[in-house]
Amino acid sequence: MCKEGFTTRPNLRVNTFISEMVAQFRQSAQQKASSSSSEQQVSKPGEVPCDVCTGTKLKALKSCLVCLVSYCETHLEPHLTMSGLKRHQLIDPVENLEGRMCTKHDKPLELFCKTDQTCVCILCTVLDHKMHDVVPLKEEYEGKKAELGKKEAEIQQMIQKRRLKIQEIKHSVDLSEEDADREIAEGVQVFTSLKESVERGLKELINTIKEKQKTTEKQAEAFIKELEQEISELMKRSTEAVTPDTLSNASEVLVSAETPESCRCVFWPEPKSQPQ
Ligand SMILES: [Zn+2]
Ligand SMILES: [Zn+2]
Ligand SMILES: [Zn+2]
Ligand SMILES: [Zn+2]
């Protein structure tokens, strides 16, 4: 066990050293060839710049966890084509790659211990994190990224659901407004015709009462006329009565004296408004 652990350590060092050298060599070679390329994006504040570019630093496309260097598209090329560099773990560009070195073993923190939820180097896995569930950092990163992507999609779906709900509510409010307008119009129509009918009824009632009053007045006039005629007749008779020749006919006087009693005016109704 002891021997095995010892032989693997220097091996890794050499490996990293060689690859770094190769990378550096390739980078400097590529740099001269493509530093004038204007197609690539110049890194803006907040973005990770390429560590290899001199002068205008282009936006880094990937960071290498083995080289601890961030590369632009041009400078990343060797990592994609050269078999030795292809094994290097690339992640989305990050700043402070030095902070990704294991302080204990001075190796890149290219692995992730799921048991302790922490980044570890290759030596950590055989020493402090033996038997722990260790995965390449990229794998964990991709997993977390996928998880976040799923969560993001879920959130977007929830947002979409709520937006649809808002649309539904707005639509139902519109419909309700239309209903309200229609109901108001119907109500106005009903009450207008009701009002007209009531007004018509009142007018008819007033007319009927007025007609009745006119009839009453006409009847009264006729009675009064009749009574006045009777009065004048009676007065004439009264004048005649005082003469001696009529006084002799007593029976005639008695009969004619009853005449006023037969007058129709006795049937004249009492005014209704008077208390009985
Ligand atoms: Zn570059
Ligand atoms: Zn590398
Ligand atoms: Zn370590
Ligand atoms: Zn662990």
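Use the structure listed above.
In this text the structure is predicted, and so the values were computed from the model without any measurement. (Residues numbered from 1 in each chain as written. Chains lettered and ligands numbered in written order. Predicted model: local features only at pLDDT ≥ 70, side-chain atom pairs only at ≥ 80, totals over all residues. Heavy atoms only, no water.)

## What about the sheet that holds strand 4 (residues 111-113)?
Here is step 1: In spatial order, the strands read 5-4-6; together these three strands make up an open sheet with antiparallel pairing. Strands at the two margins of the open sheet, each flanked by one partner only, are strand 5 (118-120) and strand 6 (134-136). In this sheet, neighbouring strand axes are inclined to one another by 35° on average, regardless of whether the strands run parallel or antiparallel.
Here is step 2: By the bridge criterion, three bridges tie strand 4 to strand 5 in an arrangement that is antiparallel. Within the sheet, the bridge partner assigned to Phe 112 lies in strand 5 and is Cys 119. (Pairing = 2+ DSSP bridges. Helix = DSSP H or I, 4+ residues; strand = E, 2+ residues; numbered from the N terminus. Axes fitted to C-alpha atoms, helices over the stretch in contact; angles between N-to-C directions.)

## A closer look at the sheet that holds strand 3 (residues 90-91)
The strands making up a sheet associate through hydrogen bonds between their backbones, and the pairing can be parallel or antiparallel.
Here is step 1: The antiparallel open sheet is built from three strands, whose spatial order is 2-1-3. Where the open sheet ends on each side, the last strands, each with one partner, are strand 2 (69-71) and strand 3.
Here is step 2: The pairing of strand 1 (residues 62-64) with strand 3 spans two bridges and is classified as antiparallel. Across the sheet, residue Cys 64 finds its bridge partner in strand 3, namely Leu 90.

## Structural notes on unusual backbone geometry
Here is step 1: In this structure, Gln 117 takes a positive phi of about 55° despite not being glycine.
Here is step 2: Mapping Gln 117 onto the fold places it in the loop between strand 4 and strand 5.

## A word on the pattern of salt bridges
Here is step 1: Across all of its chains, the model carries seven salt bridges by this definition.
Here is step 2: Across the salt bridge formed by Lys 145 and Asp 92, the nearest N and O atoms sit 3.3 Å from each other. Here Lys 145, found in helix 5 (residues 137-241), pairs with Asp 92, found in the loop between strand 3 and strand 4; they are 53 residues apart in sequence, far enough to count as distant.
Here is step 3: Glu 168 is paired through a salt bridge with Lys 165; the nearest N and O atoms lie 3.4 Å apart. With Glu 168 and Lys 165 both in helix 5 and three residues apart, the pair spans about one turn of that helix. (Salt bridge = Lys/Arg side-chain N within 4 Å of Asp/Glu carboxyl O.)

## Comments concerning a negative patch on the surface
Here is step 1: A contiguous patch of negative charge, built from Asp 174, Glu 177, Glu 178 and Asp 181, is present on the exposed surface.
Here is step 2: By the element assignment, Glu 177 lies in helix 5. (Patch = residues over 30% accessible without salt bridge, like charges linked within 9 Å, V, L, I, M, F, W, Y side chains within 5 Å. Areas by Shrake-Rupley, 256 points an atom, 1.4 Å probe, with all protein chains shown as cover. Lys, Arg positive; Asp, Glu negative; His and termini not counted. Charge placed at Lys NZ, Arg CZ, Asp CG, Glu CD.)

## Concerning the coordination of the zinc ion (ligand 4)
Here is step 1: Binding of the zinc ion (ligand 4) to the protein goes through Cys 113 (SG), Asp 116 (OD), His 129 (ND1) and His 132 (ND1), at separations of 1.8 to 2.2 Å.
Here is step 2: Around the zinc ion (ligand 4) sit four donor atoms; with metal-centred angles ranging over 92 to 122°, the donor geometry is tetrahedral.
Here is step 3: Coordination of the zinc ion (ligand 4) draws on donor residues from a single chain, spaced C-x2-D-x12-H-x2-H in sequence. (Donors = N, O, S within 2.8 Å, 3.2 Å for Na, K, Ca; no water. Tetrahedral: all angles 85-135°; square planar, octahedral: opposite > 155°, others 65-115°.)

## Some details on the coordination of the zinc ion (ligand 1)
Around a metal, the ideal angle is 109.5 degrees if four donors adopt a tetrahedral arrangement and 90 or 180 degrees if six donors adopt an octahedral arrangement.
Here is step 1: Bound to the zinc ion (ligand 1) are the protein donor atoms Cys 50 (SG), Cys 53 (SG), Cys 72 (SG) and His 75 (ND1), situated 1.9 to 2.3 Å from the metal.
Here is step 2: Around the zinc ion (ligand 1), the four donor atoms are arranged such that angles at the metal cover 97 to 121°; this shape is classified as tetrahedral.
Here is step 3: For the zinc ion (ligand 1), the single-chain donor residues occur in sequence as C-x2-C-x18-C-x2-H. The burial state of Cys 72 is the same as that of His 75; both residues are buried. (Buried < 20%, exposed > 50% of the residue type's maximum accessible area, 1.4 Å probe, protein only.)

## Here's the deal with the nonpolar core
Here is step 1: Listed in full, the 12 residues of the largest apolar core are Cys 50, Val 52, Cys 53, Leu 58, Cys 64, Val 66, Cys 67, Val 69, Tyr 71, Cys 72, Leu 76 and Leu 90.
Here is step 2: Each residue touching Leu 76, except ones within four places of it in the same chain, is listed here: Leu 61, Lys 62, Tyr 71 and Leu 90. (Core = buried A, V, L, I, M, F, W, Y, C linked by side-chain atoms within 4.5 Å. Contact = heavy atoms within 4.5 Å.)

## Observations regarding a nonpolar patch on the surface
Here is step 1: On the surface, Val 190, Phe 191, Leu 194 and Val 198 cluster together to form a nonpolar patch covering roughly 410 Å² of accessible area.
Here is step 2: Checked against the element boundaries, Leu 194 lands in helix 5.
Here is step 3: Classification of Leu 194 as partly exposed rests on a relative accessible area of 46%.

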